[in-house]
Amino acid sequence: MRKLVVGSRRSKLALTQSQQFIDKLKAIDENLEIEIKEIVTKGDRIIDKQLSKVGGKGLFVKEIQNELFDHSIDMAIHSLKDVPSVIPNGLTLGCIPDRENPYDAYIAKNHVPLSELPDNSIVGTSSLRRGAQILAKYPNLQIKWIRGNIDTRLKKLETEDYDAIILAAAGLKRMGWSDDIVTSYLDEDTLIPAIGQGALGIECRADDQELLDLLQKVHNADVADCVSAERTFLAGMNGSCQVPIGGYATKDSSGLIEFTGLIMSPDGKSRYQHTERGSDPVELGEKVTEVLNAQGAYEIIKTLNESE
């Protein structure tokens, strides 16, 4: 096997999860030679604006995809929730490895439970999806935008006027944070996760058969089916960072997939949600898309996308 170059964002989390994945590959073949090339994306450079206002999560992958096309790198290790639903021609997701905790982590000062936060308490999140769902269930709370890496957000919780913040559990887990810091993990009954949350997507050139064969050795087909349902829904709904959209699929031992899709208005007052069960992930994603569109969810998406 030739020497492999992995493209990664420069953030601590991106570099850590890239190294963790490289370690999985080296467990398969200890003789592999793999190096990381750090790439600063537009999304990393813009830290003072809300992502939904400057182009969405695709800002974290475009520069890295360009390096794949240029053959400067061989593969990219993305947080799958940052990857747009349409992959450019010539590239492919060659592998979906094991999924980390897909839920959101609620972290509060003095570990006050979410249901016990006093009126007008401030909850920090950079996600429209999280904000909308929190406001729908707890309209007495305030949502305040927050950006930065995990350390930065935890520091802001301590030093600024936030009473609580919400982060992806997967990032905390991968960075080695103890469960003690988390007040509670919010399951799908409280917060339906982002599409692909907790999963990684390993992107490479579609014609790189040698690498594709290697990646299949650490591919998790069950996780791939689940995120396929989620990403089919994302594509079908034309979801973007402008839209509070969530989706979460699980697969049981019999092969049955359960998928729930969610579309909301940013204020949390309009909610469209539906669950389907079946064995074909693409059909499930398409069916939930069809049902939510029939309910009127696309009107929210159209309005929000037109306001960009």
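Quantities reported herein were computed from a predicted structural model and do not represent experimental measurements. (Residues numbered from 1 in each chain as written. Predicted model: local features only at pLDDT ≥ 70, side-chain atom pairs only at ≥ 80, totals over all residues. Heavy atoms only, no water.)

## Quick word on the nonpolar core
Of all hydrophobic cores here, the largest spans 20 residues; its most connected members are Phe233, Met237, Ile245, Phe259, Ile263 and Leu292. Looking at this core, the elements that each hand over two or more residues are helix 9 (221-236), strand 11 (245-251), strand 12 (257-264), helix 10 (281-295) and helix 11 (297-306). Contacts of Phe259, omitting those with residues within four sequence positions, involve Ala229, Glu230, Phe233, Gly247, Tyr248, Ala249, His274, Thr275, Glu276, Leu284, Gly285 and Val288. (Core = buried A, V, L, I, M, F, W, Y, C linked by side-chain atoms within 4.5 Å. Buried < 20%, exposed > 50% of the residue type's maximum accessible area, 1.4 Å probe, protein only. Helix = DSSP H or I, 4+ residues; strand = E, 2+ residues; numbered from the N terminus. Contact = heavy atoms within 4.5 Å.)

## Focus: the sheet that holds strand 12
Backbone-to-backbone hydrogen bonds join strands into a sheet, with any given pair of strands oriented parallel or antiparallel. An order of 11-12-13 is seen for the 3 strands of this open sheet, with the pairing classed as antiparallel. Edge strands, defined here as strands with exactly one partner in the open sheet, are strand 11 and strand 13 (271-278). The sheet shows a mean angle of 10° between the axes of neighbouring strands, direction not considered. As defined by bridge partners, strand 12 adjoins strand 13 across 8 bridges and the pair is classed as antiparallel. Pairing of Ile257 across the sheet is with Gly278, part of strand 13. Taken strand by strand, helix 10 contacts strand 12 and strand 13, and its axis lies near 150° from that of strand 13. Most of the contacts of helix 11 go to strand 12, to which it runs at about 50°, and overall it touches strand 12 and strand 13. (Pairing = 2+ DSSP bridges. Axes fitted to C-alpha atoms, helices over the stretch in contact; angles between N-to-C directions.)

## Focus on the pattern of salt bridges
Summed over the entire model, instances satisfying the criterion amount to 18 salt bridges. With a closest N to O distance of 3.6 Å, Arg9 and Asp82 form a salt bridge. Here Arg9, found in strand 1 (residues 4-9), pairs with Asp82, found in the loop between strand 3 (75-79) and strand 4 (91-95); they are 73 residues apart in sequence, far enough to count as distant. Across the salt bridge formed by Lys251 and Asp225, the nearest N and O atoms sit 2.7 Å from each other. (Salt bridge = Lys/Arg side-chain N within 4 Å of Asp/Glu carboxyl O.)

## Observations regarding helix 10
Spanning 15 residues, helix 10 covers 21 Å between terminal C-alpha atoms, matching the ideal 21 Å at 1.5 Å per step. Lining the buried residues of helix 10 we find helix 9, strand 12, strand 13 and helix 11. One side-chain oxygen of the residue at the start of helix 10 lies 3.0 Å from the amide nitrogen of Val282, identifying that residue as Asp280. After helix 10 finishes, the residue Gly296 shows a positive phi value of roughly 110°. (Expected span 1.5 Å × (residues − 1). Polar contact = N/O pair within 3.5 Å; in protein donor to acceptor, adjacent residues only side chain to side chain.)

## Points about the side chain of Arg174
Within the element layout of this structure, Arg174 appears in helix 7 (residues 169-174). Within the buried core, Arg174 has no salt-bridge partner, and the shortest N-O distance to an opposite charge, that of Glu100, equals 5.3 Å. Apart from residues lying up to four places away in sequence, Arg174 is in contact with Leu13, Thr16, Gln17, Gln20, Glu100, Gly198, Ala199 and Leu200. (Lys, Arg positive; Asp, Glu negative; His and termini not counted.)

## Quick look at the sheet that holds strand 5 (residues 104-108)
Pairing is mixed in the open sheet, where 5 strands are placed in the order 7-6-8-5-9. Lying at the two open borders of the sheet, with one neighbouring strand each, are strand 7 (142-144) and strand 9 (184-186). Across this sheet, the average inter-strand angle for adjacent strands is 30°, counted without regard to direction. When strand 5 meets strand 9, the two strands line up antiparallel, connected through 3 bridges. Bridge pairing links Tyr106 to Ser184 in strand 9.

## Points about the domain arrangement of the chain
Looking at the chain, the domain boundaries give domain 1 (1-98 + 198-219), domain 2 (104-186) and domain 3 (220-307). Between domain 1 and domain 2, the C-alpha centre-to-centre distance is 27 Å. (Domains from an automatic or database assignment.)

## Observations concerning the pairing of strand 12
Counting buried residues in strand 12 gives 7 out of 8 residues, a clear majority hidden from the surface. Here strand 11 folds back onto strand 12, and the loop between the two strands holds 5 residues, one of which, Gly255, carries a positive phi near 95°. Remark: 6 residues form the turn of the hairpin made by strand 12 and strand 13, two consecutive strands paired antiparallel; Gly268 in that turn has positive phi of roughly 80°.

## Notes on helix 6 (residues 150-159)
All of the buried residues in helix 6 are Ile150, Arg153, Leu154 and Leu157. Looking straight down helix 6, one finds that the buried residues subtend no more than 100° of arc, so they occupy a single side. Away from its buried face, by an angle of more than 90 degrees, helix 6 presents the exposed residues Glu158 and Thr159. Buried residues along helix 6 sit in contact with strand 5, strand 8 (164-168) and helix 7. Two or three places before Asp151, at the start of helix 6, stands the capping residue Asn149, its side-chain oxygen 3.2 Å from that residue's backbone nitrogen. (Arc of directions from axis to C-beta.)

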